[in-house]
Amino acid sequence: MELLPRSPAEFGSARYWDRFFRQRGQRPFEWYGAFPELCPVLHKYVRPRDKVLVVGCGNSELSEQMYDLGMCEDIVNIDISDAVIRQMRERSASTRPKMSYLLMDMLQMDFPDACFQVVLDKGTLDALLTDEEEATLAKVDQMFAEISRVLQVGGRYLCVSLAQAHVLKKAVEYFSQEGWVVRVHQVASSGDKQQFVLPVFVYVMTKFRKIPGSAAQILEICPGEQDKPTRVETAEQLVAAVRDRQHYALLCSQISKTPCREQVSLELCDKESGKPRYTLHVVDSPSVKPTQNNHFAIFIIPQGRETEWLFGTEEGRRQLAASAGFGRLLTVALHREQHYEGMAGIQAELSGKVMELAPPGLPARQQVPFLSVGGDIGVRAVRHCGSSPLSGEFVVEDVKGDGTCYFRRLIFLQNRNVVQSEARLLAPTPLPGQKKRRKDKKKASPTEPPGAIDKSYLCCEHHKAMVAGLCLLGGPDALPGELAVLVVGLGGGSLPLFVHDYFSQARVAVVEIDPSMLEVATRWFGFSQGDRMQVHVSDGLDYVAKLAAEAPAQYDAVMFDVDSKDLTVGMSCPPPAFVEKPFLQKVKTILKPEGVFVLNLVCRDARLKESVQAALRDVFPLLYVRRIQGEVNEILLCQPGPAGRRDPAELGARARALEAALRQPGRPWDSSYALAEVLQAVHIL
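If you're wondering where the values come from, they're calculated on a predicted model, not measured in any experiment.

Asker: Which residues make up the overall build of the protein, and what values go with them?
Answerer: Across its full length, the protein holds 19 helices and 27 strands. Buried residues in the protein amount to 51% of all 685 residues. Considering only contacts in the protein between residues 6 or more positions apart, those separated by 24 or more positions represent 70%. Counting only carbon and sulfur atoms, one obtains 51% of the accessible surface of the protein, whose full area is about 33,100 Å².

Asker: An account of helix α11 (residues 342-354) is needed here, citing residue identities and associated values.
Answerer: Between its first and last C-alpha atoms α11 spans 17 Å; for 13 residues at 1.5 Å apiece the expected length is 18 Å, and the two agree. Of all the bends found along α11, the most pronounced is centred on A348 and spans about 30 degrees. Residues M343, I346, L350 and V354 constitute the buried set of α11. Of the surrounding secondary structure, the elements contacted by the buried residues of α11 are β10 (264-269), β11 (276-284), β12 (296-300), β13 (328-334) and β14 (370-372).

Asker: Explain the environment of E173 to me, using residue names and the numbers behind them.
Answerer: Note on placement: E173 falls in helix α7 (residues 165-177). For the pair E173 and T234, spaced 61 residues apart in the sequence, the C-alpha separation amounts to 9.1 Å. E173 has contacts with A235 and E236, leaving out every residue within four places of it along the chain.

Asker: Talk me through the pattern of salt bridges; I want residue IDs and the actual numbers.
Answerer: A complete count under the given rule lists 31 salt bridges for this structure. A salt bridge links D284 to R328; its shortest N-O distance comes to 2.7 Å. Of the two residues, D284 is situated in strand β11 and R328 in strand β13; the sequence distance between them amounts to 44 residues. Each member of the pair D284 and R328 is classed as buried. A salt bridge links R408 to D398, with the shortest nitrogen-to-oxygen separation between them at 2.7 Å. Of the two residues, R408 sits in strand β17 (residues 406-412) while D398 sits in strand β16 (residues 392-400), which places them ten residues apart along the sequence. Taken individually, R408 and D398 each receive the classification buried, so the pair is uniform in this respect. When salt bridges that share partners are traced, they join E64, D68, R91 and R96 into one network.

Asker: Give me the environment of Q263: which residues, what numbers.
Answerer: In this fold, Q263 is placed in the loop between α8 (235-257) and β10. Counting along the chain gives 55 residues from Q263 to R318, while the straight-line C-alpha distance between them is 8.7 Å. Look past the residues within four positions of Q263 in its chain and what remains in contact with it is H281, V282, V283, E314, R317 and R318.

Asker: Go over the pairing of strand β4 (residues 116-122) with me, naming the residues and quoting the values.
Answerer: Note on strand geometry: in a regular strand, side chains alternate between the two faces of the sheet. β4 sits mainly inside the fold: seven of its seven residues count as buried. As paired strands, strand β1 (residues 52-55) and β4 are joined by four bridges and run parallel to one another. Counted as the bridge partner of L53 is V119 from β4. One ladder, built from six bridges, connects β4 with strand β5 (residues 151-161); its direction is parallel. Residue pairing for β5: V118 is matched across the bridge by R156.

Asker: Please give an account of the sheet that holds β11 that cites residues and values.
Answerer: Overall, mixed pairing links the five strands, which are arranged β10-β11-β13-β12-β14 in an open sheet. In this open sheet, the two edge strands, each paired with only one partner strand, are β10 and β14. With strand direction ignored, the average angle separating the axes of adjacent strands in the sheet is 25 degrees. Where β12 meets β13, five bridges bridge the pair, whose relative direction is parallel. In the sheet register, I300 faces β13, and the bridge partner there is V332. Where α11 meets the sheet, its contacts fall on β10, β11, β12, β13 and β14, and the angle it forms with β14 comes to roughly 130 degrees.

Asker: How would you explain the confidence of the model for the protein if you had to name every residue and give the values?
Answerer: Residues at a pLDDT of 70 or more form 83% of the protein, whose mean pLDDT is 83. The model gives residues 1-8 a pLDDT under 50, and that stretch makes 13 contacts with residues more than four places away or in other chains. The model gives residues 429-447 a pLDDT under 50, and that stretch makes six contacts with residues more than four places away or in other chains.

Asker: Please give an account of the sheet that holds strand β9 (residues 230-232) that cites residues and values.
Answerer: Read from one edge to the other, the open sheet built from nine strands follows the order β3-β2-β1-β4-β5-β7-β6-β8-β9, with strand pairing classed as mixed. At either margin of the open sheet sits one strand with a lone partner, and together these are β3 (100-103) and β9. Sheet twist, expressed as the mean angle between neighbouring strand axes with direction ignored, is 20 degrees. Strand direction decides the pairing type here: strand β2 (residues 75-79) and β3, joined by four bridges, are parallel. Its bridge partner lying in β3, D79 is registered against L103. Along the sheet, α7 contacts β5, β6 (181-186), β7 (201-206) and β8 (218-222); its crossing angle with β7, the most-contacted strand, is approximately 10 degrees.

Asker: Tell me about the packing of aromatic side chains, residues and numbers included.
Answerer: According to the stated counting rule, one finds 15 aromatic pairs in the structure shown. Here F560 and F597 contribute two aromatic rings whose centre-to-centre distance is 4.9 Å and whose plane-to-plane angle is 80 degrees, an arrangement assigned as edge-to-face. Of this pair, F560 sits in strand β22 (residues 555-560) while F597 sits in strand β24 (residues 591-603), and the two are 37 residues apart along the sequence. Residue classification places F560 among the buried positions, given a relative accessible area of 0%. Through successive ring pairs, a cluster of aromatic residues spans F144, Y157, Y174, F175 and W180.

Asker: So what's going on with helix α15 (residues 540-550)? Which residues, and what values?
Answerer: Buried within α15 are the following residues: G540, Y543, V544, L547 and A548. Viewed end-on, α15 has its buried residues packed into an arc of 130 degrees, placing them on one side of the element. Away from its buried face, by an angle of more than 90 degrees, α15 presents the exposed residues D542, K546, A549 and E550. In this structure, the buried residues of α15 make contact with β19 (483-488), β20 (506-512), β21 (533-537), β22 and α16 (581-590). The N-cap residue of α15 is D539: its side-chain oxygen and the backbone nitrogen of L541 are 2.9 Å apart.

Asker: Give me the side chain of N294: which residues, what numbers.
Answerer: Inspection of the secondary structure assignment puts N294 in the loop between β11 and β12. Polar contacts involving the side chain of N294 include one to the main-chain carbonyl oxygen of G325, which spans 3.5 Å. If we skip the residues at most four places from it in the chain, N294 touches V288, K289, G325, F326 and G327.

Cut-offs used in this document
- Residues numbered from 1 in each chain as written.
- Predicted model: local features only at pLDDT ≥ 70, side-chain atom pairs only at ≥ 80, totals over all residues.
- Heavy atoms only, no water.
- Helix = DSSP H or I, 4+ residues; strand = E, 2+ residues; numbered from the N terminus.
- Buried < 20%, exposed > 50% of the residue type's maximum accessible area, 1.4 Å probe, protein only.
- Contact = heavy atoms within 4.5 Å.
- Areas by Shrake-Rupley, 256 points an atom, 1.4 Å probe, with all protein chains shown as cover.
- Expected span 1.5 Å × (residues − 1).
- Bend = angle between axes of the 7 residues up to and from the residue.
- Salt bridge = Lys/Arg side-chain N within 4 Å of Asp/Glu carboxyl O.
- Pairing = 2+ DSSP bridges.
- Axes fitted to C-alpha atoms, helices over the stretch in contact; angles between N-to-C directions.
- pLDDT = per-residue confidence, 0-100.
- Phe/Tyr/Trp six-rings, centres within 6.5 Å; stacked < 30°, edge-to-face > 60°.
- Arc of directions from axis to C-beta.
- Polar contact = N/O pair within 3.5 Å; in protein donor to acceptor, adjacent residues only side chain to side chain.

Pasting the structure below:
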């Protein structure tokens, strides 16, 4: 039996619907949205004394259920199908005397003006607005005009819909321009009984008298039964908000049926501010053999550690999921703008939502564990928020790392998942003569990290490789003597500070384009200038070009650690102009013949990376590369002449000599520096 129309236009044909209902018989046909799902929304907007008009009623049980539950009795149902009207009259004549069924076209109704408090439409608009042809839109305008005519001021048009973008946009634009208040409710799902993957929505259009000359619109979305309506500014924003919920429903449906081949990510936003509150990644591990209790777990990433390789990269999360031993691991990152009430608060907040992302085969009533590092949500303290025309918005924050160490980080919010600069904080030490804290005294708050910067520690792996590259300078068995070093890109200042402090005869010039970064480095990262350390606030391109023209061959080392503000390019460090061949020639000009150019390259575009390396080879005859494990960074060590070519054994010997020279008595040295080990992974391009 064929019930589907031959074309969408037949949805508006009385002949089609007569044939449909004759063939279907007495069985009720519900397009979508069963009464239990719709009841909470209908109760908000339908009062017992209201006179209700149901347009395009079909043989749905909705009107009968509203009547039988006492929600409302004065209900008039209309439809263009004579077959279904006769059927419904027979079904309700003896049991529902106050409810009527009339054969009538909603595009041309016989009712007087303003005679209903509610007009209810369940799928009728969706059936009519099948396309955006001129004739179709004209019918929809006629439908809306008739609904407006028969509704009283203050009356509500309730439209149950799947909210296809063109349907929602048409309804919102029409009624908002008429001065009506428009609110969209998402209907709660009925779980396994739901016939459609897409969620069901109810548009609530409340009629007000149109004020001449007023352009004010009231548009709201209400995503759940208990949620307060959220105001939006435009119809486009309302359509986008609905689309996000539709995409989420499709995602939940998909991953509840089949394992994820690729990691899925999504953001959950704060209901009041609309800002991201949680970032979720769904990670499936096909290699994990399922048991009764290892189907699904939630992993809360400690605050401030979301940028670490284990939590911030696909490969890291894959490794985390496999080591945790669960078939599906849902990682949850916490956002710095939000406040959290500990692990218990997060668990209470997320428990319902995360179950929508559960894997196939999860046993009923299965307890899903919440995991974390050390069982807590970590510590994040925002020390400073700022903004500059060049760097945009940024924050300085202290976070607790693995163990008891604290770190201070600079984050540019336009690229919030990348740590721009990082420094380790020193543990507080008692002053001479200061007594130890008595055990019964109140302990310091664990959320209050220390404040002094450990200037001897290089947090970033690429900085360690850049420092190791300086072993290419000087003799094979000695620390380079007096050095002239140019660093382009200040950040928090840890790289130039380390070179300044550990190479006691080095004179360091730093070029930084953004004066705000100099203030941040000085105030928050312990940076300071002096006789051997000078900062020039200038564009690095202009500064190097001027040096090349006026003072060539004056630097032993030039180090580029400068980020790109253009996120559309597949290279985030340095900006493309810094690795164009004409500019690289200028870099070579300011280097001494035995000098070294050290470049931090962060490039995800394979073709772009090849072109950068080709330009470097054209300018610098000797080129070494050191890839940073687990990161995109590559450190390129470039020398002006081939005479400096060294085999791996000699490089290792030079690195060990440099390390020995830097490890002076009384001077802090971290075992992770291991310069010889750093250079073991260097190879010549």
